[in-house]
Amino acid sequence: MSTFQAPKGTYDLIPPDSATYLAVREALAEPLKNSGYGYIETPGFEDVALFARGVGESTDIVSKEMYAFETKGGDKLALRPEGTASVLRAALEANLHKAGNLPVKLWYSGSYYRYERPQKGRYRHFSQVGAEAIGTEDPALDAELIILADQAYRALGLTQFRILLNSLGDKQCRPVYREALQTFLRDLDLDEETRRRIEINPLRVLDDKRPDVQKQLTGAPMLRDFLCDACKAYHEEVRDLLTAAGVVYEDDEKLVRGLDYYTRTTFEFVHDGLGSQSAVGGGGRYDGLSEMIGGPALPSVGWALGVDRTVLALEAEGVELEIPSTTSVYAVPLGEEARRVLFGLVTELRKAGVATDFAFGGRGLKGAMKSANRSGARFTIVAGERDLADGAVQLKDMESGDQEPVALDALVATVRAKLA
């Protein structure tokens with residue numbers, strides 16, 4: 001064993017488990033590719049100020065969980081703790097919003113990093129698939145993203161998740177609510193850190209999971225009572241569009257999400273089979289984020305779905321994904337001449353689009369056939385001197401056990417026909 005191990009709170013993805021993660025990533029991205037979203041990739045680290053401004057100084061993510069460091073050149077950088085700020089920064093830098101086709105619809109997939117207390121479903125390195133629709137204020141966009149996430153989860157076979165929905169108001173009505181909430185919270189018996197949060201972002205106090213805090217929040221002013229007419233109408237349209245699409249959701253007035261940039265629509269996908277780390281994904285509208293990071297006014301909405309949490313949700317529901325074998329054909333040469341000929345045939349099969357592997361290392365027939373079995377290949381090609389003298393190889397069906405000679409020049413066409 002190596003002297004080194006993966007850092008605490010991280011994990012390695014290795015076969016065969018990695019195939020499940022890959023299938024989940026692809027399933028979460030599929031509805032987006034089908035709905036006008038283009039792929040974007042951003043660096044794994046950014047200027048630390050991007051997250052301090054965009055995500056919010058008062059959030060746990062920025063104040064406690066961010067991996068921040070100074071480079072040899074004196075730049076202050078941070079490993080990305082989330083995707084939205086990076087994607088918006090990249091879109092602004094490339095002037096995508098000036099191309100004349102709004103909203104700019106982007107999707108991404110990657111690893112993110114937060115210094116958290118490791119536990120099942122909460123790691124220091126985690127994987128997400130995300131989507132952002134930048135530059136348009138439209139309830140139909142909010143509804144579209146929620147519907148696409150719902151579609152992705154259902155395509156994977158998940159049924160026991162719930163969608164929580166709320167509106168956080170906008171810059172017109174939220175300040176009035178904020179003041180009423182601060183007045184209420186200042187009279188409560190709270191620790192110093194929570195008291196500081198009251199002054200910076202009081203909505204985050206509503207999200208506090210501690211029972212002693214939740215108990216004191218009974219009777220707190222509710223945001224829905226402070227929403228302006230425009231925000232109420234906007235939220236009603238989102239709800240109506242979801243209902244018309246057959247998407248079931250629950251109104252959750254305490255849903256604020258952990259990032260400062262959200263406005264109006266916020267939503268979360270939760271799975272009750274995951275215990276305390278029940279959120280499998282979530283997102284919302286962030287109409288002011290572009291201005292926060294120095295861009296023009298670009299109302300936008302997006303989400304991020306956790307790949308790790310989705311895998312845990314599949315396990316909790318006992319859903320096993322059908323993952324095709326990585327190998328369709330396995331070649332077993334017996335002798336040097338067969339090794340040369342079969343290696344050439346393997347290359348031909350691969351060029352023809354057939355997933356093919358080879359018995360490397362010059363093992364005997366018994367050991368090589370064990371490897372063929374373990375590979376999950378549907379067919380095995382076996383050839384020795386006598387077969388080659390006849391201008392053929394033996395093609396064995398690993399499911400039925402049937403074996404037949406096939407001429408060398410007909411092998412690729414025969415294999416493709418049988419696999420089809």
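Cut-off values and rules
Residues numbered from 1 in each chain as written. Predicted model: local features only at pLDDT ≥ 70, side-chain atom pairs only at ≥ 80, totals over all residues. Heavy atoms only, no water. Phe/Tyr/Trp six-rings, centres within 6.5 Å; stacked < 30°, edge-to-face > 60°. Helix = DSSP H or I, 4+ residues; strand = E, 2+ residues; numbered from the N terminus. Buried < 20%, exposed > 50% of the residue type's maximum accessible area, 1.4 Å probe, protein only. Lys NZ or Arg CZ within 6 Å of the ring centre and 35° of its normal. Pairing = 2+ DSSP bridges. Contact = heavy atoms within 4.5 Å. Axes fitted to C-alpha atoms, helices over the stretch in contact; angles between N-to-C directions.

*Asks:* Where do I start with the packing of aromatic side chains in this structure?
*Replies:* In this description, an aromatic ring pair is defined by two values, namely the gap between the centres and the angle between the planes. Under the counting rule described, the total for this entry stands at 13 aromatic pairs. Between the aromatic rings of Phe-45 and Phe-69, the centroid separation amounts to 6.5 Å while the plane-to-plane angle is 75°, which identifies the pairing as edge-to-face. Of this pair, Phe-45 sits in strand β2 (residues 45-47) while Phe-69 sits in strand β3 (residues 68-70), and the two are 24 residues apart along the sequence. Note on Phe-45: relative accessible area 45%, which makes it partly exposed. The partly exposed category is assigned to Phe-69, whose relative accessible area is 35%. One aromatic cluster is present, formed by Tyr-153, Phe-161, Phe-267 and Phe-269 through successive ring pairs. When the ring centre of Tyr-112 is taken as reference, the NZ or CZ atom of Arg-80 above it lies at 4.6 Å. Here the guanidinium or amino end of Arg-264 rests over the ring plane of Tyr-234, the centre of that ring lying 4.7 Å away.

*Asks:* Honestly, the sheet that holds strand β10 (residues 279-285) in this entry has me stumped. Any pointers?
*Replies:* Strands pair in a sheet through their backbones, by hydrogen bonds, and they do so in one of two ways: parallel or antiparallel. In space, the eight strands of this open sheet follow the order β1-β5-β6-β11-β10-β9-β7-β8, with mixed pairing throughout. Strands with a single pairing partner mark the edges of an open sheet, and in this sheet they are β1 (38-39) and β8 (250-251). Bridge count for strand β7 (residues 161-167) against β8 is two bridges, and the pairing is parallel. Bridge pairing links Leu-165 to Asp-251 in β8. Here helix α1 (residues 17-33) sits on the sheet and contacts β5 (104-113), β6 (125-134) and β11 (300-306); the angle it forms with β6, its principal contact strand, is near 5°. Sitting on the sheet, helix α5 (residues 139-155) touches β5, β6, β7, β9 (263-271), β10 and β11, and the angle it makes with β11 is about 15°.

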